[in-house]
Amino acid sequence: MAEPRASGQDGPVSDQGSLAVETRDLWFSFSGGGPVLRGVDLDAARGQVTVVLGASGSGKTTLLKLLKGLLAPQRGSIRVLGRTTSPGGRGIRLDAAVAYIPQNLGLVRNLTVLENTLTGALGRMGALPALLMAFPPEWIKEATGFLERLGIAHKLEEKVYNLSGGERQRVAIARALMQRPQLLLADEFVSQLDPVTTVSIMDSVRETVVTGLTVIMTTHELDVVARYADHVAVLRDGQKVLDLPAAEVNPRLLSQVIKV
Ligand SMILES: Nc1ncnc2c1ncn2[C@@H]1O[C@H](COP(=O)(O)OP(=O)(O)OP(=O)(O)O)[C@@H](O)[C@H]1O
Ligand SMILES: [Mg+2]
């Protein structure tokens, strides 16, 4: 049976307030299954990096999909960039403002690095130029700039199917930034990168955060948490079991909470 999907929106658009995301008593089950999220309250401040941690199966991806509006909660409320959704299947559509990098990255394998990156800007175009993929030169420059910062500009014309996992991850990030989002939801961010590349990519993302981007990411890399997170939330079996400013957590506490 298909799981409930979100469509439409309930609340008025507003970008007031210091929270980019606010969920209250969020419950979600896939059809025929038990609850995957159980009463999750999550606040993510604007312009901060919030990291969601938890063991495999704890509900991290499901939470990000709810925030993107790809799934709708059975109970509770979600407020993203000032828009509210409530139970009953009506979710949030903020396609341009909210960029989502799925766990499998969602790239088009037989398009090039540059073409994949440019697809992030499709929401900014009219239907015909979008259909023809006729991108203005300044966007090509912008896309190339992101790819340079992410260290993959030397493969602009390479098809994505020829890239390594880490290279693909960089393209997915560049594509998300091309969307000029206010909120970036990144699932298993930097998971396929070596430590040096992770630092350079997270530094680029941090620069963007300084200019106002809010990031909610999941990762299993505790080093990334220590270095880049402003705020940490830990899920266990769909419940939030820890929620602290990053300055108050340490790797030992985190690994204990995640494993228990
Ligand atoms: N489409 C689906 N239909 C039914 N159950 C699902 C579906 N997707 C996920 N689940 C279940 O929901 C639970 C939470 O899954 P989710 O993908 O959110 O976990 P996760 O924390 O992201 O795990 P990981 O670290 O492995 O990515 C798991 O028990 C999973 O089996
Ligand atoms: Mg996941």
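These lines cover the structure that appears in this document, whether it is placed above or below. (Residues numbered from 1 in each chain as written. Chains lettered and ligands numbered in written order. Predicted model: local features only at pLDDT ≥ 70, side-chain atom pairs only at ≥ 80, totals over all residues. Heavy atoms only, no water.)

Side note on the site of ligand 1
Note the cut-off: Being near a molecule or strand, for a residue, means having at least one of its heavy atoms within 4 Å of it. Between N or O atoms, a polar contact is any pair within 3.5 Å; within protein, one atom must be a potential hydrogen donor and the other a potential acceptor, and residues adjacent in sequence are included only when both atoms are from side chains. Areas reported as accessible are Shrake-Rupley estimates using a 1.4 Å probe. Residue values count occlusion only from the protein chains shown. Working definition: helices are DSSP H or I runs of at least four residues, strands are E runs of at least two. Numbering for both runs from the N terminus. Any residue outside Ala, Val, Leu, Ile, Met, Phe, Trp, Tyr, Cys, Pro, Asp, Glu, Lys and Arg is labelled polar, Gly included; the first ten of those are nonpolar and the last four are charged.
In the vicinity of ligand 1 there are 14 residues, among which Ser56, Gly57, Lys60, Thr61 and Thr62 approach most closely. In this structure, Gly59 approaches ligand 1 through a main-chain N or O atom, which is 3.0 Å from an oxygen atom. Take Thr62: an N or O atom from its side chain is 2.6 Å from an oxygen atom of ligand 1. Burial of ligand 1 by the protein amounts to 60% of the accessible area it has alone, namely 640 Å². No other element matches helix α1 (residues 60–68), which puts three residues into the shell around ligand 1. Residues belonging to the shell around ligand 1 are distributed by class as follows: three nonpolar, eight polar and three charged.

Overview of the coordination of the magnesium ion (ligand 2)
The textbook angles at a metal center are 109.5 degrees for a tetrahedron of four donors and 90 or 180 degrees for an octahedron of six. We apply this condition: Because water is not among the atoms used, a metal site may look incomplete, as its donors are only the N, O and S atoms within 2.8 Å, or 3.2 Å for Na, K and Ca. Any residue under 20% of the maximum accessible area for its type is buried, any over 50% is exposed, and the rest in between are partly exposed; the area is computed with a 1.4 Å probe on protein chains only.
Around the magnesium ion (ligand 2), the protein supplies Thr61 (OG1) and Gln103 (OE1) as donor atoms, at distances of 2.0 to 2.3 Å. A residue pair is termed long-range when its members are at least 10 positions apart, and Thr61 in helix α1 and Gln103 in the loop between β6 (98–101) and α2 (113–118) qualify at 42 residues. With relative accessibility at 22%, the residue Thr61 sits in the partly exposed group.

Overview of the pattern of salt bridges
Basically, it comes down to this: Just to be clear on terms, a salt bridge is a Lys or Arg side-chain nitrogen sitting within 4 Å of an Asp or Glu carboxyl oxygen.
One pass over the full model with this rule turns up six salt bridges. Two residues, Asp43 and Arg24, come together in a salt bridge whose shortest N-O distance is 3.0 Å. Taken together, the positions of Asp43 in strand β2 (residues 35–45) and Arg24 in strand β1 (residues 19–29) put the pair 19 residues apart, joining distant regions of the chain. A relative accessible area of 32% means that Arg24 is categorised as partly exposed. Between Asp25 and Arg75 there is a salt bridge whose closest N-O contact spans 3.0 Å. One end of the pair, Asp25, is in strand β1; the other, Arg75, is in strand β4 (residues 75–80), and 50 residues separate them in sequence. By relative accessible area, which is 31% here, Asp25 ends up partly exposed.

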